[in-house]
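Letter by letter, the chains look like this.
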Amino acid sequence: MKTVLITGAAGNVGGWLRRLLAGVYPRLVLSDRRPPADLRPEEEFRATDLADLDSVIRTVAGVEGIVHLGGHSVEGSWEEILQANILGCYHLFEAARRQGVERIVFASSNHAVGFYPRRRRIGVDHRVRPDSRYGVSKVFGEALGSLYADKYGLRVTSIRIGNVAERPVDRRRLAIWIHPEDLAQLVRIGLEHPAVHNEILFGASANERSWWDDEAARRLGYRPRHRAEDHAAEALAAQAAMPPDPVGDRFEGGGFCSLEFSGDPDTIG
Ligand code: 15L
């Protein structure tokens, strides 16, 4: 794979992947609404409005693989999620199909399954359980990936990313944290592994407290190098200083679950 596009490249995760994939693929094309402040001469920037199909078609021209990080990255109003994540994601897949792109790595999220209670261990075959409109948009993206893989032969990998950071910052993140280098390893599997058709993978480092079965990723060769437990003392000290969240503390999605919550947590089994 020679030319890879990273959408949402001006964001935090985009910044990590730009650095970690530089030199791995000869040509990195970046898209976002505005260029990253530190655009390098070897990177090509294409300004893109994900809500405009023609703009996305121009952006994906000539690329072989796409890492789709673009869109709204937390909970938002329905209008925000609709434009950036639902329409935006559809435009991305449709533009890729029309321009003959071979592979898409879709940044899905742990919030696609955020309403699973923390005591349960889940695999990628468990039914989805979104905790927010944002989580629903990630489930939509995974469904588009399935459709475009089966119907049009695109090779798609959806990574249910936990929390990308240099270290886990609280108890929940001790389970779902992923170091940027481990995320880059998963992205490369999505862009390169010959067996990829339509994969859903959990995006976590080697975390002893993980709630996720990462068999699907390991089958494709994923060997995370970082361990959340190495930072446990720090993360638990930070947690001790936080106010309790009676709903969020029970479920995998944390604060995304307690936001606007008016249900009965005891019925969420
Ligand atoms: C996500 O999906 C978000 O994009 C990120 O900002 C974090 O909130 C992360 O999940 C998380 O759950 O920690």
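Undergrad: Looking at this model, I keep getting lost on the overall build of the chain. Mind explaining?
TA: Each helix and strand in the chain was counted, giving 9 helices and 9 strands. Taken over C-alpha atoms, the radius of gyration comes to 18 Å for the chain, in line with the 18 Å a tight globule of 269 residues would show. With respect to the principal axes defined by its C-alpha atoms, the chain has extents near 50 × 35 × 35 Å. Within the chain, contacts between residues at least 6 apart in sequence are counted, and of these 66% link residues at least 24 apart. Treating the 35 positive side-chain charges of the chain as one cloud and the 37 negative ones as another, the clouds have centres 2 Å apart.

Undergrad: Can you help me understand the nonpolar core in this one?
TA: The nonpolar side chains of soluble globular proteins are, as a tendency, buried together. Ranked by internal contacts, the top residues of the largest apolar core, which has 27 residues, are Ile6, Leu17, Leu21, Val67, Leu183, Leu186 and Val187. Of all the secondary-structure elements, those providing two or more residues to this core are strand 1 (3-7), helix 1 (12-21), strand 2 (27-32), strand 5 (103-109), strand 6 (155-161), helix 6 (180-192) and helix 7 (215-219). Looking at which element gives the most residues to this core, the answer is helix 6, with 6 residues. Sequence-distant contacts of Leu17, that is, excluding residues within four places in its chain, are made with Ile6, Ala22, Val67, Leu69, Leu183, Ala184 and Val187. Judged by nonpolar contacts, the second largest core, of 22 residues, contains Leu50, Cys89, Ala96 and Leu144.

Undergrad: Quick question: what am I supposed to make of the site of the ligand here?
TA: Around the ligand, the surrounding shell consists of Ser73, Val74, Ser109, Asn110, His111, Tyr134, Gly162, Asn163, Arg172, Arg173, Ile176 and Phe256. Within the side chain of Asn163, a nitrogen or oxygen atom sits 2.9 Å from an oxygen atom of the ligand. Here the ligand has 320 Å² of accessible area as a free molecule, and 78% of this is covered by the chains. Looking at which element gives the most residues to the shell around the ligand, the answer is helix 5 (residues 171-176), with 3 residues. Along the lines of polarity and charge, the residues of the shell around the ligand split into 4 nonpolar, 6 polar and 2 charged.

Undergrad: What exactly am I supposed to notice about the sheet that holds strand 4 (residues 65-68) here?
TA: Consider a sheet: its strands pair through backbone hydrogen bonds, and that pairing is either parallel or antiparallel. Strand order in the open sheet made by the 7 strands is 3-2-1-4-5-6-9, with parallel pairing throughout. Looking at the sheet topology across the chains shown, the edges are occupied by strand 3 (43-47) and strand 9 (198-203). Strand-to-strand twist across the sheet, computed as the mean angle between neighbouring axes with direction ignored, equals 20°. Alignment of strand 2 against strand 3, held across 5 bridges, turns out to be parallel. Within the sheet, the bridge partner assigned to Leu30 lies in strand 3 and is Phe45.

Undergrad: Explanation requested: the side chain of Ser108 in the structure shown.
TA: Mapped onto the elements of the fold, Ser108 is located in strand 5. On the basis of relative accessibility, which here comes to 3%, the residue Ser108 falls in the buried class. Apart from the residues lying within four places of it in its own chain, the contact partners of Ser108 are Lys138, Glu142, Ser158, Ile159, Arg160 and Ile161.

Undergrad: Which parts of the structure should I look at to understand the pairing of strand 2?
TA: For a regular strand, side chains alternate in direction, first toward one face of the sheet and then toward the other. Relative to strand 2, strand 1 runs parallel, the two sharing 5 bridges. Across the sheet, the residue bridging to Thr7 is Ser31, located in strand 2. Once the chain exits strand 1 it traverses helix 1 before rejoining the sheet at strand 2, and the crossover so formed is right-handed.

Undergrad: Before we go on, may I ask you to explain the side chain of Thr48 in this structure?
TA: Following the sequence through the fold, Thr48 ends up in the loop between strand 3 and helix 2 (53-60). Within polar-contact distance, the side chain of Thr48 engages the side chain of Thr59 at 2.6 Å. Setting aside residues up to four positions removed in sequence, Thr48 forms contacts with Ser31, Asp32, Arg33, Ser55, Val56 and Thr59.

What counts and what doesn't
- Residues numbered from 1 in each chain as written.
- Predicted model: local features only at pLDDT ≥ 70, side-chain atom pairs only at ≥ 80, totals over all residues.
- Heavy atoms only, no water.
- Helix = DSSP H or I, 4+ residues; strand = E, 2+ residues; numbered from the N terminus.
- Rg over C-alpha atoms; globule rule 2.2 N^0.38 Å.
- Contact = heavy atoms within 4.5 Å.
- Lys, Arg positive; Asp, Glu negative; His and termini not counted.
- Charge placed at Lys NZ, Arg CZ, Asp CG, Glu CD.
- Core = buried A, V, L, I, M, F, W, Y, C linked by side-chain atoms within 4.5 Å.
- Buried < 20%, exposed > 50% of the residue type's maximum accessible area, 1.4 Å probe, protein only.
- Near = heavy atom within 4 Å.
- Polar contact = N/O pair within 3.5 Å; in protein donor to acceptor, adjacent residues only side chain to side chain.
- Areas by Shrake-Rupley, 256 points an atom, 1.4 Å probe, with all protein chains shown as cover.
- Nonpolar A, V, L, I, M, F, W, Y, C, P; charged D, E, K, R; others polar.
- Pairing = 2+ DSSP bridges.
- Axes fitted to C-alpha atoms, helices over the stretch in contact; angles between N-to-C directions.
- Right-handed = clockwise from strand over helix to strand, strands pointing away.

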